Amino acid sequence: MFVVKASSAFVKPDLNIKALASYGRLDVVARAAIAALSTRRGPRPDTVFYAVLEGSTKPVTVEFRGWEVPGRALASEAQVGEVLRALARGMSVPGASIVECDFKRLVLRLLSSLGPTRIFYMHEHGVDISQVELGEPAAFILGDHKGVERSVEQWLKDLGVRWLSLGPTPYFTEHCITYVHAVLDRAPVV
Ligand SMILES: C[S@@+](CC[C@H](N)C(=O)[O-])C[C@H]1O[C@@H](n2cnc3c(N)ncnc32)[C@H](O)[C@@H]1O
């Protein structure tokens, strides 16, 4: 599963799905969702994607469950925008939901269900991914275009969340997700 901390993103019932960047860089979230859930063959049935949208007064968490997402439903930014707009309008959407939940609450929930060895914070200065034996289920936390605040990084460290690196190059959020998927796709099932 993937968690994106989207520091400025927000959704509205009248969301213009062709201008996601103007909703606190909701386009970053949409591309991350596509990277997490979509393949050329259709949605990944084994993946959950969470985006914590912190751009409005009360943070909300959007959850996408790959096994419930209909085929080709999340193949473009506009399609993700349509789903987000429907959720903001209170409509029910297969495989997707939105709840009031902030980043720390979500991380604590994942920590208690997965345990500290299966939750990773993605950062250039972490342990190189080639040195870590990844088993599933696992959760990977990523920042958006602005990264994650120092204080929150420290909080993750204090919780015992391990830092995982894809090397010294700073990649876009969605590219990190694709990279992690590629590693997991080749990993033996543990
Ligand atoms: C576009 S980057 C954030 C850039 C931001 N300006 C910063 O300095 O943190 C988005 C996220 O991708 C992840 N990321 C980017 N490059 C990475 C790398 N080489 N290894 C691990 N995670 C990486 C981090 O979680 C980061 O917050």
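Keep in mind that what you see is a predicted model, and the values were worked out from it rather than measured.

Caption draft 1: Structural context of the packing of helix H1 (residues 26-37) against helix H5 (residues 173-186). Running from amino to carboxyl end, H1 crosses H5 at an angle of 10 degrees, the nearest separation of the two axes being 8 Å. What the angle tells us is that H1 and H5 run roughly parallel. Seen from H1, the contacting residues are Val 28, Arg 31, Ala 32, Ala 35 and Ala 36; seen from H5, they are Thr 173, Glu 174, Ile 177, Thr 178 and His 181. A per-class count over the contact of H1 with H5 returns 5 nonpolar, 3 polar and 2 charged.

Caption draft 2: Molecular detail of H1. If you check H1, its first and last C-alpha atoms are 16 Å apart, about what 12 residues at 1.5 Å a residue would give, namely 16 Å. For H1, the buried fraction is high: 11 of the 12 residues fall into the buried class. Within H1 the residues assigned to the buried category are Leu 26, Asp 27, Val 28, Val 29, Ala 30, Ala 32, Ala 33, Ile 34, Ala 35, Ala 36 and Leu 37.

Caption draft 3: Representation of the site of the ligand. Every one of the 18 residues lining the ligand counts as a neighbour, but Met 122, Leu 166, Gly 167, Thr 169 and Tyr 171 are closest to it. Between Gly 167 and the ligand, the recorded distance is 2.8 Å, taken from a backbone N or O atom to a nitrogen atom. At 2.7 Å from a nitrogen atom of the ligand is found a main-chain nitrogen or oxygen belonging to Thr 169. Here the ligand has 560 Å² of accessible area as a free molecule, and 80% of this is covered by the chains. When atom positions are compared with the pocket grids, the ligand is found to occupy the largest pocket. The set of elements that each furnish at least two residues to the shell around the ligand consists of strand E7 (119-128), strand E8 (139-143), strand E9 (162-165) and H5. Ranked by residue count, the leading element in the shell around the ligand is E7, at 3 residues. Taken together, the residues of the shell around the ligand break down into 7 nonpolar, 8 polar and 3 charged.

Caption draft 4: Fine view of the pattern of salt bridges. As enumerated under the stated definition, the model contains 10 salt bridges in all. Here Lys 5 makes a salt bridge to Glu 54, at a shortest N to O gap of 2.8 Å. Of this pair, Lys 5 sits in strand E1 (residues 2-6) while Glu 54 sits in the loop between strand E4 (48-53) and strand E5 (60-65), placing them 49 residues apart in sequence. On the basis of relative accessible area, Lys 5 is assigned to the buried category, the value being 3%. Between Arg 31 and Glu 77 there is a salt bridge whose closest N-O contact spans 3.3 Å. With a gap of 46 residues between them, Arg 31 in helix H1 and Glu 77 in helix H2 (residues 77-88) connect regions that are remote in the sequence.

Caption draft 5: Examining the domain arrangement of the protein chain more closely. Taken domain by domain, the protein chain comprises domain 1 (2-100) and domain 2 (103-186). Placing the centre of domain 1 and that of domain 2 at their C-alpha centroids yields a distance of 19 Å. Facing 24 residues of domain 1, the contacting portion of domain 2 comprises 23 residues. Contact between domain 1 and domain 2 buries roughly 2000 Å² in total, counting both sides, with carbon and sulfur atoms accounting for 60%. It is Phe 2, Val 3 and Lys 5 in domain 1 that bury the most area against domain 2; as a group they hold 39% of the surface buried on that side. Here Arg 31 ties to Glu 174 by a salt bridge, and the two come within 3.0 Å at their closest N and O atoms. Linking domain 1 to domain 2 there are 11 residue pairs in polar contact (both at pLDDT 80 or more).

About the cut-offs
- Residues numbered from 1 in each chain as written.
- Predicted model: local features only at pLDDT ≥ 70, side-chain atom pairs only at ≥ 80, totals over all residues.
- Heavy atoms only, no water.
- Axes fitted to C-alpha atoms, helices over the stretch in contact; angles between N-to-C directions.
- Helix = DSSP H or I, 4+ residues; strand = E, 2+ residues; numbered from the N terminus.
- Parallel < 35°, antiparallel > 145°, perpendicular 65-115°, else oblique.
- Contact = heavy atoms within 4.5 Å.
- Nonpolar A, V, L, I, M, F, W, Y, C, P; charged D, E, K, R; others polar.
- Expected span 1.5 Å × (residues − 1).
- Buried < 20%, exposed > 50% of the residue type's maximum accessible area, 1.4 Å probe, protein only.
- Near = heavy atom within 4 Å.
- Polar contact = N/O pair within 3.5 Å; in protein donor to acceptor, adjacent residues only side chain to side chain.
- Areas by Shrake-Rupley, 256 points an atom, 1.4 Å probe, with all protein chains shown as cover.
- 1 Å grid on protein atoms, 1.4 Å probe; cavity = no way out; pocket = protein on both sides within 12 Å on 5 of 7 lines; lining within 4 Å.
- Sits in = over half its atoms within 2 Å of the grid points.
- Salt bridge = Lys/Arg side-chain N within 4 Å of Asp/Glu carboxyl O.
- Domains from an automatic or database assignment.
- Buried area = accessible area lost by both parts, 1.4 Å probe.

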